[in-house]
Each structure stands twice: as C-alpha cells, then as structure tokens.
There are 2 protein chains.
Amino acid sequence: MPSPPPVAAVPEELVPHLAPVDGVEVVPYDHRDGDTLPGGGRDVDLLALSMIAGPWLAKARQIPGVRAVVLSSAGYEHALPHLPEAVQLANAVGVHDTATSEMALALVLAAQRHLPHHVLRQHEAVWDRSAPGPWRSLADSTVLVVGYGGIGRALTARLRACEARVLAVASTDKPGDDLVDRVHGVDHLPDLLPSADIVVLTLPLTDRTRGLLGEAELGALPDGALVVNVARGPIVDAEALRAECAAGRLRAALDVTDPEPLPDGHPLWGTPGVLVVPHVGGASPASLPRMGRYLATQLRAYRDSGQLLHQVRTIES
Amino acid sequence: MPSPPPVAAVPEELVPHLAPVDGVEVVPYDHRDGDTLPGGGRDVDLLALSMIAGPWLAKARQIPGVRAVVLSSAGYEHALPHLPEAVQLANAVGVHDTATSEMALALVLAAQRHLPHHVLRQHEAVWDRSAPGPWRSLADSTVLVVGYGGIGRALTARLRACEARVLAVASTDKPGDDLVDRVHGVDHLPDLLPSADIVVLTLPLTDRTRGLLGEAELGALPDGALVVNVARGPIVDAEALRAECAAGRLRAALDVTDPEPLPDGHPLWGTPGVLVVPHVGGASPASLPRMGRYLATQLRAYRDSGQLLHQVRTIES
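The shown structure was predicted, so the numbers you read here are calculated from the model rather than taken from an experiment. (Residues numbered from 1 in each chain as written. Chains lettered and ligands numbered in written order. Predicted model: local features only at pLDDT ≥ 70, side-chain atom pairs only at ≥ 80, totals over all residues. Heavy atoms only, no water.)

Undergrad: So what exactly am I meant to see when it comes to the overall build of chain A here?
TA: Across its full length, chain A carries seven helices and 13 strands. Each principal axis of the C-alpha atoms in chain A carries an extent, and together these give about 75 × 50 × 35 Å. Within chain A, the fraction of its 317 residues that count as buried is 53%. Within the structure as shown, chain A displays about 13400 Å² of accessible surface, and the carbon and sulfur contribution to it stands at 54%. Within chain A, one finds 26 positive and 37 negative side-chain charges whose respective centroids are separated by 3 Å. (Helix = DSSP H or I, 4+ residues; strand = E, 2+ residues; numbered from the N terminus. Buried < 20%, exposed > 50% of the residue type's maximum accessible area, 1.4 Å probe, protein only. Areas by Shrake-Rupley, 256 points an atom, 1.4 Å probe, with all protein chains shown as cover. Lys, Arg positive; Asp, Glu negative; His and termini not counted. Charge placed at Lys NZ, Arg CZ, Asp CG, Glu CD.)

Now the structure itself:
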C-alpha cells in the first residue's frame, strides 16, 4: 500500500501565494486562532509558520504528527526551545532579501538626498531649498556592503543600477560574481573603511560580528560618511556612533538600534544627521509571494526525500 | 596661417571635471563675478555656463566674439531672449539624468515604505511600528514611467533592479530596448493607468503635456496609487491631485508643484499621503562630472566642425 501524501498545514495568508504541489495535501489554518489545531486534529507532517508571530510555534507539540517545521523568518534561535530535536526545522532563506535590501536602499537615498530635512520643513508648510549639509548623491559614491549573503547581493544589484561603486565584504575572501569583482574578507575592513562614503551592514549578529563597528572602525571612516544598519543593532557600538553623529562627523540611517526598541526620549532620536526607523525592513508585501515560492520548494523536497532543505540543526539533532 | 585654436570660457567649478581637449584653449572664469568678463576681454568663441544661475547668460552680448553657448541646464527657453540668433545654443543633454532619476527613486521608495511618517515619529522621539496605511513595496509594483528620455531610461534601470515592472510611455509607440519590451505611445495612457501602482512623470512640459494627468486620468488610477512628479508641476492638475489625496484615494510625492514655489501654508503641504520636496531633483554632486564630460564632447565637436551638438534652435536661427 503506498504511503499517503504528506499533509502540510499552511497559514491562510500564504495559501494564495502557494502554487499547488503534486502529492502534497495543503490544509490552510488561521495562524491567529490559537484554539483550533492546524489540521483540525488530523496528523500534520509539515507545519509552515506565518510571517507575523502566532501561537503555533510555542504550541507545535500539541499538533499530532509534526515532523518538520518551516519558519517564515530568517532568524530561528527563537524556535529551537519549542521543538523536539527529532523535528526538522528550516528557516526562510532568501525570502526577505527583497524587502530588507529595499529598505536599505530607501534609507541610503533618503539620507543622501536630505529627505528627513525636507519632510520636517514640509511639516512646517515652508518651501526651503536649503539643506543641512552639502549636496550628496548615491551615484558615484563608494558603498561598503558588509555582509554579502542574500540581502547584501540584492542590495548590491540595486546600488550598481544607481551608479554607485560597491565594495563587498564577507567573512572571508571570495571570488567575485556578476555584481562585484571580488568579495573582501572582513579582516580587510580597516583598509576599506577610509574609502567608504557609505557603509551598509547586512550581516547576521554573531559573537564574531558583535561590535564590529566600534570606536576605531567608525573613526576610520571619512568625514561625512553614512552608516546604515538593517542588520542588528549590537553590530555597531551605539554610543560611539551617536557621538560621531552628534559631533557632525558621521551620519547614520538605522532600521535597527541598540537598545531596541529605542526608548522614547532616547538622545539618539534627536541626534543631528541620524535617521531612525522602527525595524520595518521586513514590513513589505514583497515577502509573502517569495515565501510562497520558497515553501513550494520545501514541500517538493519533503515529498521527494522526507527532508527539508536548509535545515538549521541537521548536525545537532 | 592656421586659424588660432578656439577659446572656451568655462566656469571654475567645471574645470576640475573637464579633461583637456587638444586644440581648444580653456579659460576659467568665476561665474559668480558679474564684473570681470569671462576671457578677461579677449575674444571668446564658446561660453559654457554654470550649474547655478550666474550673471553671464543675461550679459553674454558683452563678451567679445561669442559664437556658441553651452548651457548646464536641460531647459533652454530662459536663454533664448538673451542670445543673438547667430549664436549657437546647446542645452545640457543627459547631464541631469542621474541626479533626477535618483530623486525620483528616492521619492518612490520613501512613499512606499512610509518614511515621512517614520521621520515625523522620530521627531517626536517615539518608537512606533504602525504605518499610516498598508505595507507597500516598490518590488512587484507596476510603475508607469511617463516620458522615456534620458531621465525615464535612467529611472527604468533603477526600478528594474528593484524588481518592479515598468511600463514606459513616450510621445509615440516605439520599439523596446534593453530595459523594456516596448515603449507605449501616450495615446495609450487611458488603457495603462488602471494597472499602475505608481506613475512617475519624467517628461518635458509642452503644450501637449500640460494637464496630461487631469481629473479623468487621476480617476482612472487604482485606489492607493502613487503619483510622482520630477518633471514640471503643470503636467498634473494640481487641485484634482490634491483632492484625490485628501480623500485618501491616491498618494503623491512631488519634487515640483503648481504653483511653484508652493506658497507657505498652502493646503497641499498638510494633505495626507503627500510628500513635497522643494525642487531639489538636480541638487546633486553627480551632475558636475557629467557636465564636464558633456562639455568635453561639445568642445571636440566645435573644434572639429565649428558646430555644437544638440543645438536647440538650429532650424529657427
């Protein structure tokens, strides 16, 4: 007797973005409803989780039969405590590159073209063609993209179309690709910082990257340089960056802060040359269709091999 | 006896961006000094004008010998009354495409990702992840680029790198290029508007384009669409656009307005969903090096043929 097709419980918000996968039964569930079991009490082989936090990560053990979980987030540390070691776990690889690189580009352009200043003058209903500093552009700028994974590559494609020069940095030296001549290892950062008009952080927070941009590294940047962080706050020494901006020497555009949330009334809010947005890099409808395509790939892999792609604890479990 | 090399009076700000041109003598002048004649009283064959308005357009007749004038602006109507018909006149073609398309992209991204809202919340020193409308992205959006000259093409390259779909519109149907499958004639605008998430105006103001987006055309846009104008204010019916935005049906991001400057306290300043910046599309250091390269091309053409390229009144004069 052939085994029955795998059953995948999929959040309703993702179903319209999920093309049918032959040989997999998709059972939609409302991810906000913490009372009705995904699958309605049937055995579920694979549980897909939603973009927006719902109850079913913490309650996954209550769903009968779950053998594999696919997250909608790139981060996965939060999921490990909730799942038995025998359950396969995959994070969302590549799904958020578009949304986050788009926010990074938006922050770069807003800062270079003085949009925060213009927004505040608009709020005062005043036509004022002055700017709070020299005219700047993204075009012709040298941008250091620190972190050359999916987000860094998606950003690099955008920056190059904007006529910027990109220097890509990753954990180790690597050959180039269709976007950059070469990828510099992070050990070369001290040599690269003095030539950067703009630095964008697109790398994960790890023990190695915590405090990567400290007082010395920020001090190596040229006057007027822009630091953009769409990664995680603690990669930058927050107080050193604030001091450099307060002195008018550097500028910053931050989707993430340290601490986060940034407390109301914190001095960073009003520091000249600093743009802060409240961790909204992922706040984009672009991620849903990409998650749908990624989930289809995972369903096919699971159907064919019984194994998810991009498992985040294959070795440990 | 061979004729002496042509003499070109060039604003000092452009000289560092101008590579030497064999057989042309370049004489720098201070474009802000309205008393000292460019060329210092010598005959000047070619007068290059500066990016920032100076006195020497209006006083060009006082400079002995001028036979050709190269403007640093794309517009040229303002120059015609000041120059004898025998003087060749060329505008700056392609020089501002980078600066203006960059501002158009900055406005699109700021509006889609709610940056004006976040800037105002930052001004209040408050962490607030809410948005004044649904999450939007540039990625996956359909963008109608109306005006497919240099700025429209430069913008299209940027938009495509941002994973947007571009529909290009020009005065008449044209074959596509490396960026778009085809270019639609403006007569097809009524058919294209209903599918546009974003419309960007990058076309010149002429008798044909004045009022191109009137009440009917704006009404044909889908709910929530964004209108971006980096061209000239009167291409849009300003009151119809303001009314659609005030009703919450459309959004706008405007580098140019009608009237312009927008009077202090004008109701458009505070209309929800409207971002206004004070005609700063050209306020970019990217234009100087591009003007330097363009001027070198003009100097070579004039040296070789006695004629400027891109003359704007060849036929009339």
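Undergrad: Explain the pairing of strand E7 (residues 165-170) of chain A here, please?
TA: On a regular strand, each side chain points to the face opposite its neighbour's, so the side chains alternate between the two faces of the sheet. All names here are of chain A. Two elements, strand E6 (residues 142-146) and E7, share five bridges in a ladder whose sense is parallel. Across the sheet, threonine 142 pairs through a bridge with arginine 165, a residue of E7. Tracing the backbone out of E6, into helix H3 (residues 150-161) and back to the parallel element E7 gives a crossover that is right-handed. Pairing of E7 with strand E9 (residues 182-185), which is carried by three bridges, proceeds in the parallel orientation. The partner of valine 169 across the bridge, within E9, is histidine 184. (Pairing = 2+ DSSP bridges. Right-handed = clockwise from strand over helix to strand, strands pointing away.)

Undergrad: What exactly am I supposed to notice about the packing of aromatic side chains here?
TA: Each aromatic ring pair is characterised by the separation of its centres together with the angle its planes make. The tally for this structure, following the rule as stated, stands at two aromatic pairs over all chains. Considering the side-chain rings of tryptophan 127 of chain A and tryptophan 269 of chain B, the 6.4 Å spacing of their centres and the 65 degrees angle between planes classify their relative orientation as edge-to-face. Here the residue tryptophan 127 of chain A occupies a position in the loop between helix H2 (115-123) and E6, and tryptophan 269 of chain B occupies one in the loop between strand E12 (251-254) and strand E13 (274-276), the pair thus bridging two chains. Tryptophan 269 of chain B matches tryptophan 127 of chain A in its accessibility class, with the two residues each being buried. The lysine or arginine in question, arginine 153 of chain A, covers the ring of tyrosine 148 of chain A, its NZ or CZ lying 5.6 Å from the ring centre. (Phe/Tyr/Trp six-rings, centres within 6.5 Å; stacked < 30°, edge-to-face > 60°. Lys NZ or Arg CZ within 6 Å of the ring centre and 35° of its normal.)

Undergrad: I would appreciate a short explanation of the sheet that holds strand E3 (residues 46-48) of chain B in the present structure.
TA: Residues and elements named next belong to chain B. If you trace the five strands from one edge of the open sheet to the other, you get E2-E1-E3-E4-E5, paired in parallel fashion. At either margin of the open sheet sits one strand with a lone partner, and together these are strand E2 (25-29) and strand E5 (88-90). Put simply, the sheet's adjacent strands are angled 20 degrees from each other on average, direction ignored. In terms of strand pairing, strand E1 (residues 7-11) meets E3 through two bridges, oriented parallel. What sits directly across from alanine 9, in E3, is leucine 47. Sheet strands in contact with helix H7 (residues 287-305) are E1, E2, E3, strand E4 (68-70) and E5, and its direction is about 160 degrees off that of E4. (Axes fitted to C-alpha atoms, helices over the stretch in contact; angles between N-to-C directions. Contact = heavy atoms within 4.5 Å.)

Undergrad: Any chance you could explain the relation of the copies chain A and chain B here in plain terms?
TA: Mapping between the two chain copies consists of a rotation about an axis together with a translation along that axis. Mapping chain A onto chain B leaves a residual RMSD of 0.1 Å; the transformation is a rotation of 180 degrees accompanied by 0.0 Å of translation along its axis. Seen this way, the second copy is the image of the first under a two-fold rotation axis. In this assembly the copies share their binding face: 98% of the residues contributing to the interface of chain A also contribute to that of chain B. (Least-squares fit on C-alpha atoms with pLDDT ≥ 70 in both.)

Undergrad: What is the right way to read the pairing of strand E10 (residues 198-201) of chain B from this model?
TA: All names here are of chain B. Where burial is concerned, the two faces of E10 agree: the one with Ile198 and Val200 and the one with Val199 and Leu201 are both buried. Here strand E6 (residues 142-146) runs beside E10; their pairing, made up of four bridges, is parallel. Residue pairing in the sheet places valine 146 in a bridge with leucine 201 of E10. Inspection of the sheet shows E10 paired to strand E11 (residues 226-229) by four bridges, in the parallel sense. Among the inter-strand pairings, valine 199 is bridged to a residue of E11, identified as valine 227.

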